[in-house]
Amino acid sequence: DAKDKGRNTFSFYTEAFNQRLMQRLTLEEDLRQALRLAQFVVYYQPKFDLHSEQISGVEALLRWNHPEKGLIPPDYFIPLAEDTDLILPIGEWVLHTACMQAKAWQLAGLPAINMAINVSPKQLHSPTFDQTITRVLLQSGLDARFLDLEVTEGAVMQDPDNIAITLTRLKNIGIRISMDDFGTGYSSLSYLKRFPFDNLKIDKAFISDIPLDEGDATLVLTIIAMAHNFNLKVVAEGVETQAQVDFLARNSCDEIQGYFFSRPLPASKVEQLLKKTN
Ligand code: C2E
Ligand code: MG
Ligand code: MG
Ligand code: MG
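The text that follows walks through the structure, step by step, so that each part is easy to find. (Residues numbered from 1 in each chain as written. Chains lettered and ligands numbered in written order. Predicted model: local features only at pLDDT ≥ 70, side-chain atom pairs only at ≥ 80, totals over all residues. Heavy atoms only, no water.)

A separate point is the overall build of the chain. Counting secondary structure elements, the chain contains 12 helices and 9 strands. Relative to the globule expectation of 19 Å for 278 residues, the C-alpha radius of gyration of the chain, 21 Å, shows essentially globular dimensions. Looking at the chain as a whole, 46% of its 278 residues are labelled buried. Looking at the chain alone, contacts between residues at least 24 apart form 67% of all its contacts between residues at least 6 apart. As presented, the chain carries roughly 14,300 Å² of accessible surface, and 53% of it is formed by carbon and sulfur atoms. Charge centroids of the chain, computed over 27 positive and 36 negative side chains, lie 4 Å from each other. (Helix = DSSP H or I, 4+ residues; strand = E, 2+ residues; numbered from the N terminus. Rg over C-alpha atoms; globule rule 2.2 N^0.38 Å. Buried < 20%, exposed > 50% of the residue type's maximum accessible area, 1.4 Å probe, protein only. Contact = heavy atoms within 4.5 Å. Areas by Shrake-Rupley, 256 points an atom, 1.4 Å probe, with all protein chains shown as cover. Lys, Arg positive; Asp, Glu negative; His and termini not counted. Charge placed at Lys NZ, Arg CZ, Asp CG, Glu CD.)

Right, let's get into a nonpolar patch on the surface. A cluster of nonpolar side chains, F17, L21, M22 and L25, forms an exposed patch at the surface whose accessible area comes to about 380 Å². Examined against the element boundaries, F17 turns out to sit in helix α1 (residues 2-36). Classification of F17 by relative accessible area gives partly exposed; the value is 46%. (Patch = residues over 30% accessible without salt bridge, like charges linked within 9 Å, V, L, I, M, F, W, Y side chains within 5 Å. Salt bridge = Lys/Arg side-chain N within 4 Å of Asp/Glu carboxyl O.)

The next thing to look at is the coordination of the magnesium ion (ligand 3). Taken together, the protein donors to the magnesium ion (ligand 3) comprise D180 (OD), D181 (OD) and E237 (OE), at separations of 2.0 to 2.3 Å. Mapped onto the sequence, the donors of the magnesium ion (ligand 3) take the spacing D-D-x55-E. The two metals, the magnesium ion (ligand 3) and the magnesium ion (ligand 2), are separated by 3.5 Å and share D180 as a common coordinating residue. Taking the relative accessible area as the measure of exposure, D180 reaches 6% and is therefore buried. (Donors = N, O, S within 2.8 Å, 3.2 Å for Na, K, Ca; no water.)

Of the two faces of strand β7 (residues 199-202), both are covered, the one formed by N199 and K201 as well as the one formed by L200 and I202. Relative to β7, strand β6 (residues 176-182) runs parallel, the two sharing 3 bridges. By the bridge assignment for β7, F182 is matched with I202. Inspection of the sheet shows β7 paired to strand β8 (residues 233-236) by 4 bridges, in the parallel sense. (Pairing = 2+ DSSP bridges.)

Written as structure tokens, this is what we have:
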């Protein structure tokens, strides 16, 4: 009896495991195919400068335009892409596409804005990362000063010494570096002096309940003051309400990003917005 149970348990786990493995293999194959068949698309979410009251830049956000499932958000496939190293070709495709887009807007006579691109830990740790960046800039013709790389705390803490060297090299060719999702990871304040960040993005988790939640409001004020003392610009992400905008503007936050100003948009919609706003 106990043996039966053991066997059943065993086969149960094997089946569940096989099923997970199969799903994963299909998704992995689907992801490869997505890249081959050009099913990825980049949306762009504006960042609004509270001082100049203009769009300072956009952030490239990847979506997968699946033939049956429609637009799939990145949280569904970036983790697997990261596990399987597929993030390297996918990430390079995003870099290439977004830099080409930024250059195309400039050539079309639109006001020049920054292009922020999310960089995953695997990309950042790749020994050829800076070659990839240099190549993409050359291919697109985009000036380095318009490129802004968003990295998370988790990505830099894995190998801080080497990442600091890589980021400093990129910074020296004029690229901007942003600390993304600040406050959600193992935020160590020492990172702020150790890495050559230009911008600090406060994670939306700290923005959603301001100004009513006094604890969050205090946290946000403290982060803004601290970032400014390190000469970093502060971007608040996930800004959805007028009350949040007022609080952030009153308290010297530099830029806001979120559904209040604009959702992530297809490139053509960004063009219209740029013409209207800047
Ligand atoms: P992230 O870089 O922190 O991007 C912000 C996310 O918050 C985006 O989700 C954006 O659509 C969403 N968001 C913006 N404003 C608001 C708001 O007002 N309210 C709420 N509730 N959400 C808002 P998205 O596009 O689903 O991307 C999720 C994450 O996927 C990104 O977080 C980023 O870490 C990752 N990701 C996206 N594109 C890429 C990429 O090309 N490469 C890599 N490595 N990661 C990417
Ligand atoms: Mg980001
Ligand atoms: Mg973020
Ligand atoms: Mg975030």
